[in-house]
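Observations on chain architecture
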Amino acid sequence: MKKLLLVAAIVALAPMSAMAVDGTINVTGQVTASTCKINNAVSPATIDVVLPTVSTTSLNANAVTAGNKAFTIALSECGALTQAVTYFEQGANTLANGNLKSNGTANNVQVRLLNNDLTAIDVSKASTLQNSKPVAISSGAANLNYWAQYYAIGQATAGTVTTSVQFTMQYQ
C-alpha cells in the first residue's frame, strides 16, 4: 500500500515540474496607419529594369562588372512617415555572394544591385545588414535610387540574362 501511495505521489508531482517557468519573451512592434504609394501605384509594385546589351568581352573574368542601369523606387503619399529603406527579400534567385542568379541562357553572369552611391547591396543578408541605404521622406515623398549591373563569375557566354527579386519597404 505504501508503494502505491508513493507511486501516486510521484505521478501527481511530475507534471508540476514540467510547468516551471524558465523565462519570459517580450514581443514588441509597431503598425503604421500609413504606407506610401510606390511608383504611383498601390502595392505590390512591379519595376522593370532593362540592362543594356553588352559584349562577352566586357565580362571576361571573375568579378568584372558592366552595363550599369539606374532605376528608382519613387514613394508618394507617405503621410507622416520620415524615412524609408528597401529590404530586398531573399528568394530563389539569391546567391551566397549577395548577387542575383540569372535564369537566362548566358553563362557565368549574375546581377548585382547597387545603391545610388554605387556601393553593393548584399541581397543574401538580413535587412539591417544588406547595405541598402535609408532615404529621408520629405513632404510625403522620396526617391530611392538604385543601380543594377551585370557581374561576371568567369568568362561570360552570349545569351539572355533574366532575374527578379521581391522587395519590402520599411518605414519610420
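Everything that follows concerns the structure shown earlier in this document.
Model, not experiment: these values are computed from the prediction. (Residues numbered from 1 in each chain as written. Predicted model: local features only at pLDDT ≥ 70, side-chain atom pairs only at ≥ 80, totals over all residues. Heavy atoms only, no water.)

Here we come to the side chain of Asn115. As for its placement among the helices and strands, Asn115 is situated in strand 5 (residues 109–115). Relative accessible area serves as the criterion here: at 1%, Asn115 is assigned to the buried category. A distance of 2.5 Å separates a polar atom in the side chain of Asn115 from the backbone oxygen of Asn131. Here Lys133 takes part through its backbone nitrogen, which lies 3.0 Å from a polar atom of the side chain of Asn115. The contact partners of Asn115, leaving out residues within four places of it in the chain, are Ala120, Ile121, Asn131, Ser132, Lys133, Asn145, Tyr146 and Trp147. (Helix = DSSP H or I, 4+ residues; strand = E, 2+ residues; numbered from the N terminus. Buried < 20%, exposed > 50% of the residue type's maximum accessible area, 1.4 Å probe, protein only. Polar contact = N/O pair within 3.5 Å; in protein donor to acceptor, adjacent residues only side chain to side chain. Contact = heavy atoms within 4.5 Å.)

Bringing the packing of aromatic side chains into the picture now. Here the structure, examined in full by the defined rule, presents two aromatic pairs. By way of ring pairs, the aromatic residues Phe71, Phe88 and Tyr146 are connected into one cluster. (Phe/Tyr/Trp six-rings, centres within 6.5 Å; stacked < 30°, edge-to-face > 60°.)

All chains considered together, the criterion is met by one disulfide. What pairs with Cys36 in a disulfide is Cys78, and their sulfur atoms sit 2.0 Å apart. Here Cys36 and Cys78 share a disulfide; its torsion about the S-S bond, 130°, makes the bridge right-handed. Separated by 42 residues along the polypeptide, Cys36 in the loop between helix 1 (2–18) and strand 1 (37–38) and Cys78 in the loop between strand 2 (65–76) and strand 3 (83–88) bring together distant segments of the chain. Cys78 gets classed as buried once you look at its relative accessible area, which sits at 0%. (Disulfide = S-S within 2.5 Å.)

Attention now moves to the sheet that holds strand 7 (residues 135–136). With antiparallel pairing, three strands are arranged side by side in an open sheet as 7-3-9. Both outer strands of the open sheet, strand 7 and strand 9 (167–171), are each paired with one neighbouring strand and no more. Note: strand 3 against strand 9, five bridges, orientation antiparallel. Paired with Phe88 across the bridge in strand 9 is Phe167. (Pairing = 2+ DSSP bridges.)

Even without a glycine there, the phi angle at Asn131 is positive, about 75°. Within the element layout of this structure, Asn131 appears in the loop between strand 6 (120–121) and strand 7. Judged by its relative accessible area of 32%, Asn131 falls in the partly exposed class.

Scope: geometric values only; no functional claims are made or implied.
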